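Residues per chain are reported as follows:
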Amino acid sequence: MSTTTEAGHDRPEPDLSVIVGERRHLTNLAYRLLGSLAEAEDAVQETYARWYAMSGPQQRAIDSPGAWLTTVAGRICLDQLGSARARRERYVGEWVPEPLPDRTEWFSGRESGDGADPADRNTLDESVNMAFLIVLESMTPAERVAFILHDVFRYSFGEVAEIVGRTPAACRQLASSARRRVADARVPAVPAAGQAVLVRHFKEAWEARDIRALVGLLAPDATMTADGGGLVGAALRPVEGSERIARYLITIADRAPGLTLLERTVNGLPGLVAQHSGSTVTVAAIGIADGRVARIWAVRNPEKLGAWTVDGAS
């Protein structure tokens, strides 16, 4: 990703609108790399801080400001991923990626407009669903960056190599290893309409405190993972099995009278949002397999619900 040249002194100033216009793309990329909108926005902010810290001649010497911004943001994210494992070890309870509401900009990749290849669009859409983000967490930082940049955002391995600091051949191997992890974890896709119907039935059974209906909608080996971050009450370990999950959900409802459940799009797929006294207290992403709810990722950590306080669940 060659971005600078020695002959920058005679160039005009970079177009500010072009520089600012890269923010959405950078945030999209950083979220997929880090699994946290807050951390993604911090990484993008740091990227712009480095841009504006350069002198005019230094900025004009850059062939492609967009490529430069992507390179810097990618390296910042790579550094953050390197220290993330240590932070996760200190995290109270289970860590779940930060959930995103239904905003079309999160699906925007390197290209914008209606000319995007449908296959690329499907890859972009999949790359924000919770199950996909969970698989990314199992990858090494270099694998994750190489895979997201190449397979999701369609950067060449030569461009990826400049960000990761390895050879193109090494980056190709990293992406291949990551691709196998994704393939091993993938389950057959469920049409959104069918998933929405199942989520609605699940919501209605939960509201009715109908344990038999809940058990029937859950896969026998279903797993629910709750993320409270030590800031609010949440199971510290995954709850496993349809009956245990059903009883846990009913206990939650009994302890929080006035809890309101809303059907919302969570990370691109039908999910549920729980509100209490008008405030969003839980966002649940739901994974379906063989016509039943197989996974529930319930994010309760208020620090991860900022995107849902305005519009997202209201």
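Just so you know, these numbers come straight off a predicted model, no measurement behind them. (Residues numbered from 1 in each chain as written. Predicted model: local features only at pLDDT ≥ 70, side-chain atom pairs only at ≥ 80, totals over all residues. Heavy atoms only, no water.)

1. Notes on the confidence of the model for the protein chain
Detail in the predicted coordinates should be disregarded across regions flagged by low pLDDT.
Inference 1: Here the protein chain shows a mean pLDDT of 87. Residues at 70 or above account for 88%.
Inference 2: Least confident of the elements in the protein chain is helix α6 (residues 118-126), whose mean pLDDT is 53; most confident is strand β2 (residues 239-240), at 98.
Inference 3: Every residue in residues 105-122 is under pLDDT 50, and counting partners more than four places away or in other chains gives 33 contacts. (pLDDT = per-residue confidence, 0-100. Helix = DSSP H or I, 4+ residues; strand = E, 2+ residues; numbered from the N terminus. Contact = heavy atoms within 4.5 Å.)

2. Focus: the environment of Ala40
Inference 1: Following the sequence through the fold, Ala40 ends up in helix α3 (residues 37-52).
Inference 2: For Ala40, a relative accessible area of 0% translates into the label buried.
Inference 3: Through-space distance from the C-alpha of Ala40 to that of Ala73 is 9.2 Å; in sequence the pair is 33 residues apart.
Inference 4: What Ala40 contacts, discounting residues up to four positions off in sequence, is Thr27, Ala30, Tyr31 and Leu34. (Buried < 20%, exposed > 50% of the residue type's maximum accessible area, 1.4 Å probe, protein only.)

3. A few points about the packing of helix α8 (residues 141-152) against helix α10 (residues 168-185)
Inference 1: Remark: α8 packs on α10, axes separated minimally by 8 Å, with the N-to-C direction vectors making an angle of 90 degrees. It follows from the interaxial angle that α8 and α10 lie roughly perpendicular. Together, Ala142, Glu143, Ala146, Phe147, His150 and Asp151 of α8 and Cys171, Leu174, Ala175, Ser177, Ala178, Arg179, Arg181 and Val182 of α10 make up the contact between the two elements.
Inference 2: A class-by-class count of the residues in the contact of α8 with α10 yields eight nonpolar, two polar and four charged. (Axes fitted to C-alpha atoms, helices over the stretch in contact; angles between N-to-C directions. Parallel < 35°, antiparallel > 145°, perpendicular 65-115°, else oblique. Nonpolar A, V, L, I, M, F, W, Y, C, P; charged D, E, K, R; others polar.)

4. Details of the pairing of strand β5 (residues 279-289)
Inference 1: Of all the 11 residues making up β5, eight are buried; the element is thus mostly covered by neighbouring parts of the structure.
Inference 2: Bridge count for strand β4 (residues 269-276) against β5 is five bridges, and the pairing is antiparallel. Considered in β5, the bridge of Val273 is made with Val283. (Pairing = 2+ DSSP bridges.)

5. Considering the layout of surface pockets
Inference 1: Taken as a whole, the largest pocket spans an internal volume of roughly 880 Å³.
Inference 2: The wall of the largest pocket is formed by 32 residues, among which Asn129, Ala131, Phe132, Val187 and Leu269 lie closest to the centre.
Inference 3: Here the second largest pocket defines a volume of roughly 390 Å³.
Inference 4: What lines the second largest pocket is a set of 25 residues, and nearest its centre among them are Trp206, Tyr248, Ile252, Thr282 and Arg300.
Inference 5: Counting only elements with at least two residues in the lining of the second largest pocket, the list comes to α11 (192-207), β1 (218-227), α13 (242-255), β4, β5 and β6 (292-299).
Inference 6: The element best represented in the lining of the second largest pocket is α13, accounting for five residues.
Inference 7: A class-by-class count of the residues in the lining of the second largest pocket yields 19 nonpolar, four polar and two charged. (1 Å grid on protein atoms, 1.4 Å probe; cavity = no way out; pocket = protein on both sides within 12 Å on 5 of 7 lines; lining within 4 Å. Points joined across faces, edges and corners; volume = space filled by probe spheres on them.)

6. Remarks on α13
Inference 1: Compared with an ideal rise of 1.5 Å per residue, which puts 14 residues at 20 Å, α13 spans 20 Å between its outermost C-alpha atoms and is within 8% of the ideal.
Inference 2: All of the buried residues in α13 are Ser242, Ile245, Ala246, Leu249, Ile250 and Ala253. Along the axis of α13, the buried residues cluster in a sector spanning 130 degrees; they form a single face. Opposite its buried face, α13 presents the exposed residues Arg244 and Arg255, each directed more than 90 degrees away. (Expected span 1.5 Å × (residues − 1). Arc of directions from axis to C-beta.)

7. Digging into a nonpolar patch on the surface
Inference 1: Where nonpolar side chains cluster on the molecular surface, the patch consists of Leu16, Val20 and Tyr52 and spans about 300 Å² of accessible area.
Inference 2: In this fold, Val20 is placed in helix α1 (residues 16-21). (Patch = residues over 30% accessible without salt bridge, like charges linked within 9 Å, V, L, I, M, F, W, Y side chains within 5 Å. Areas by Shrake-Rupley, 256 points an atom, 1.4 Å probe, with all protein chains shown as cover. Salt bridge = Lys/Arg side-chain N within 4 Å of Asp/Glu carboxyl O.)

8. Some remarks on the environment of Asp79
Inference 1: By the secondary structure assignment, Asp79 is in helix α5 (residues 65-90).
Inference 2: Along the primary structure Asp79 and Pro141 are separated by 62 residues, whereas in three dimensions their C-alpha atoms are 8.4 Å apart.

9. A few points about the nonpolar core
Inference 1: Val145, Phe147 and Ile148 are the most contacted members of the largest nonpolar core, which has 61 residues in total.
Inference 2: When residues in this core are grouped by element, the largest group, eight residues, is from α5.
Inference 3: Not counting the four nearest positions on each side in its chain, Phe147 is found in contact with Phe132, Leu136, Met139, Val152, Ala175, Ala178, Arg179 and Val182.
Inference 4: Of all hydrophobic cores here, the second largest spans 27 residues; its members include Phe202, Met224, Leu261 and Val293. (Core = buried A, V, L, I, M, F, W, Y, C linked by side-chain atoms within 4.5 Å.)

10. Looking at α11
Turn by turn, an α-helix covers 3.6 residues, leaving residues three or four places apart pointing in a common direction.
Inference 1: With 16 residues, α11 should cover 22 Å at 1.5 Å per step; its first-to-last C-alpha distance of 22 Å lies within 8% of that length.
Inference 2: All of the buried residues in α11 are Gln195, Leu198, Val199, Phe202, Lys203, Ala205 and Trp206. The arc that holds the buried residues of α11, viewed along the axis, is 165 degrees, so those residues lie on one side.
Inference 3: Looking at the residues trailing α11, positive phi occurs at Arg209, about 55 degrees.

11. With respect to the sheet that holds β1
Inference 1: Pairing is mixed across the open sheet formed by six strands, whose spatial order is β2-β1-β6-β5-β4-β3. Only two strands of the sheet have a single partner each, and these edge strands are β2 and β3 (260-266).
Inference 2: Where β1 lies against β2, two bridges are found, and the strand directions are antiparallel. The residue of β2 that forms the bridge with Thr223 is Glu240.
Inference 3: Across the face of the sheet, α11 comes into contact with β1, β3, β4, β5 and β6 while running at roughly 30 degrees to β4.
Inference 4: Contacts between α13 and the sheet are confined to β1, β2 and β6, with β1 contributing the most and set at about 45 degrees to the helix.

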